Amino acid sequence: MAERTDVVFVDGMRTPFGRAGEKGMYWQTRADDLVVKAMIAMLERNSQLPKDRIDEVAIAATTQQGDQGLTIGRSAAILAGLPRSVPGYAIDRMCAGAMTAVTAVAGGISFGAYDIAIAGGVEHMGHHPMGSGADPNPRFVAERMVSPEALNMGVTAERIHDRYPHLTKERADRYAAASQHKTAAAYDAGKIQPDLVPVAIRTSEGWGLATRDEAMRPETTLEGLADLRTPFRPHGRVTAGNASGLNDGATVSLIASSEAARELGLAAKMRMVSFAFAGVDPEIMGLGPVPSTEKALRKAGLSIDDIGLFELNEAFAVQVLAFLDHFGLDDDDARVNPWGGAIAVGHPLASSGVRLMIQLARQFEERPDVRYGLTAMCVGLGQGGTVIWENPHYNGRKKR
């Protein structure tokens, strides 16, 4: 059997994430324009890459219609000015769309079919609310394959609270407030901005420039979170404060073989070690990252103790807490989401997987004492996805 080709994460960029809806900053911006803007900026930042060397463009969208339809990987490639010889396709694994785009092209690179690919995702939840246009098969409910509640992500989060009563609303609120404060600190330190693509926007107030994530609430307090209503259940525990919002935004990444990256003078920011996807009961979809992480660790020959940095998607605070409890990590473990997460910056479904990778790659640069990092997320209809990465800056010396 031929040796596997090393796959590296060369670079990634994203738009600022906006609030979905008529008052959001991207209401009058097309979804495909968001991903094209990110793609052009990333190619400009890596100008030594000849565009005709790109073998594939994989772009994810959960709702593939309207300005997110028309095989968006191909249409975005054309709109971004890539040669017509560069193919592209659309991909969907709900929240893990961009993550799956990365692992799909990585498989092609490892097999030897590709040398260099673009992978990312876009979601305009203002134009395309979650589930819009979907027609779930009636057998799901009629044959009791899936509870009707499994199609409501907020209810699935309440189900995790039910299953693990020690994961209280107070713990979820405390985690959520910390996420907001960590993201604000990361912005103040200029850690997130280098990978953001400014986007020209038009609002009722005229033309402007989107340069920051719109949903951040750095003023969040535990007292304020305690009083929020629980929309998914009377006297529930899931609120708008301890969950990600509805958002618009796009992400892209440049994935390559280590040989192609060296040939073209492209510095690798991370090396892919392993990845895994796993399924769980749709009613408790937030637990998906637990089995996917166990599987990815097993394939890598690693344990959870080998992971020095975690970028976990915060669809709901309780989902992250369940992951941390399972692996024996503290709620405030400094290795977990050091720059905050989706509760603060937002979660435009199919785009979020690459946001996790962009942040982990930046953290690797700052942390040569860390060898391995992990990106993981839960996925609608009961799935989880995990990718384990190695830090090329690792020097074997422990942080003092």
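Thresholds applied
Residues numbered from 1 in each chain as written. Predicted model: local features only at pLDDT ≥ 70, side-chain atom pairs only at ≥ 80, totals over all residues. Heavy atoms only, no water. Phe/Tyr/Trp six-rings, centres within 6.5 Å; stacked < 30°, edge-to-face > 60°. Buried < 20%, exposed > 50% of the residue type's maximum accessible area, 1.4 Å probe, protein only. Helix = DSSP H or I, 4+ residues; strand = E, 2+ residues; numbered from the N terminus. Core = buried A, V, L, I, M, F, W, Y, C linked by side-chain atoms within 4.5 Å. Contact = heavy atoms within 4.5 Å. Polar contact = N/O pair within 3.5 Å; in protein donor to acceptor, adjacent residues only side chain to side chain. Salt bridge = Lys/Arg side-chain N within 4 Å of Asp/Glu carboxyl O. Axes fitted to C-alpha atoms, helices over the stretch in contact; angles between N-to-C directions. Parallel < 35°, antiparallel > 145°, perpendicular 65-115°, else oblique. Nonpolar A, V, L, I, M, F, W, Y, C, P; charged D, E, K, R; others polar.

1. Side note on the packing of aromatic side chains
Overall, the coordinates contain 4 aromatic pairs when judged by the stated rule. Arranged with centres 6.2 Å apart and planes meeting at 65 degrees, the rings of Phe275 and Phe277 form a pair that is edge-to-face. Judged by its relative accessible area of 32%, Phe275 is partly exposed. Exposure remark for Phe277: the relative accessible area of 15% places this residue in the buried category. Both rings, one in Phe310 and one in Phe323, keep their centres 6.4 Å apart while their planes meet at 75 degrees; by these two values the pair is edge-to-face. Here Phe323 lies in helix α10 (residues 317-326) and Phe310 lies in strand β10 (residues 307-312), a separation of 13 residues in the sequence. Side by side, Phe310 and Phe323 carry an identical accessibility label, which is buried. A connected cluster of aromatic rings, assembled from ring pairs, spans Phe310, Phe323 and Phe327.

2. Here's the deal with the nonpolar core
The nonpolar side chains of a soluble globular protein tend to be buried with one another. Phe310, Leu312, Phe316, Phe323, Leu374 and Ile388 are the most contacted members of the largest nonpolar core, which has 42 residues in total. No other element matches α10, which puts 7 residues into this core. Not counting chain neighbours up to four residues away, the residues in contact with Leu374 comprise Thr293, Ile307, Leu309, Phe310, Glu311, Leu312, Phe323, Leu360, Thr386, Val387 and Ile388. Counting residues in hydrophobic clusters, the runner-up holds 40 residues, among them Ile116, Ala250, Ala260 and Leu266.

3. With respect to the side chain of His161
Within the secondary structure layout, His161 lies in helix α5 (residues 153-163). Here the side chain of His161 touches Leu167 through a polar contact of 2.6 Å, landing on its backbone oxygen.

4. Topic: the pattern of salt bridges
In total, this model carries 23 salt bridges according to the counting rule given. Arg271 serves as the salt-bridge partner of Asp6, at 3.4 Å between the closest nitrogen and oxygen. Of this pair, Asp6 sits in the segment before β1 (7-14) while Arg271 is found in strand β9 (residues 270-279), placing the two residues 265 residues apart along the sequence. A relative accessible area of 29% means that Asp6 is categorised as partly exposed. With relative accessibility at 22%, the residue Arg271 sits in the partly exposed group. Notably, a salt bridge pairs Asp325 with Arg171, separated by 3.0 Å at the nearest N-O pair. One end of the pair, Asp325, is in helix α10; the other, Arg171, is in helix α6 (residues 169-188), with 154 residues separating them in the sequence. If you follow the salt bridges from partner to partner, you end up with Asp11, Arg45, Asp195, Lys269, Arg362 and Glu365 in one network.

5. Concerning unusual backbone geometry
Residues other than glycine seldom take positive phi values, yet Leu70 does so here, at roughly 60 degrees. On the secondary structure map, Leu70 appears in the loop between β3 (56-60) and α2 (72-79).

6. Points about the packing of helix α3 (residues 97-111) against helix α12 (residues 352-366)
In the contact formed by α3 and α12, the axes pass within 4 Å of each other and the chain directions differ by 70 degrees. The orientation of α3 relative to α12 falls into the category roughly perpendicular. Counting all contacts with α3, which are made through Ala98, Met99 and Val102, the residues of α12 involved are Gly353, Val354 and Met357. When grouped by side-chain class, the residues that make up the contact of α3 with α12 number 5 nonpolar, 1 polar and no charged.

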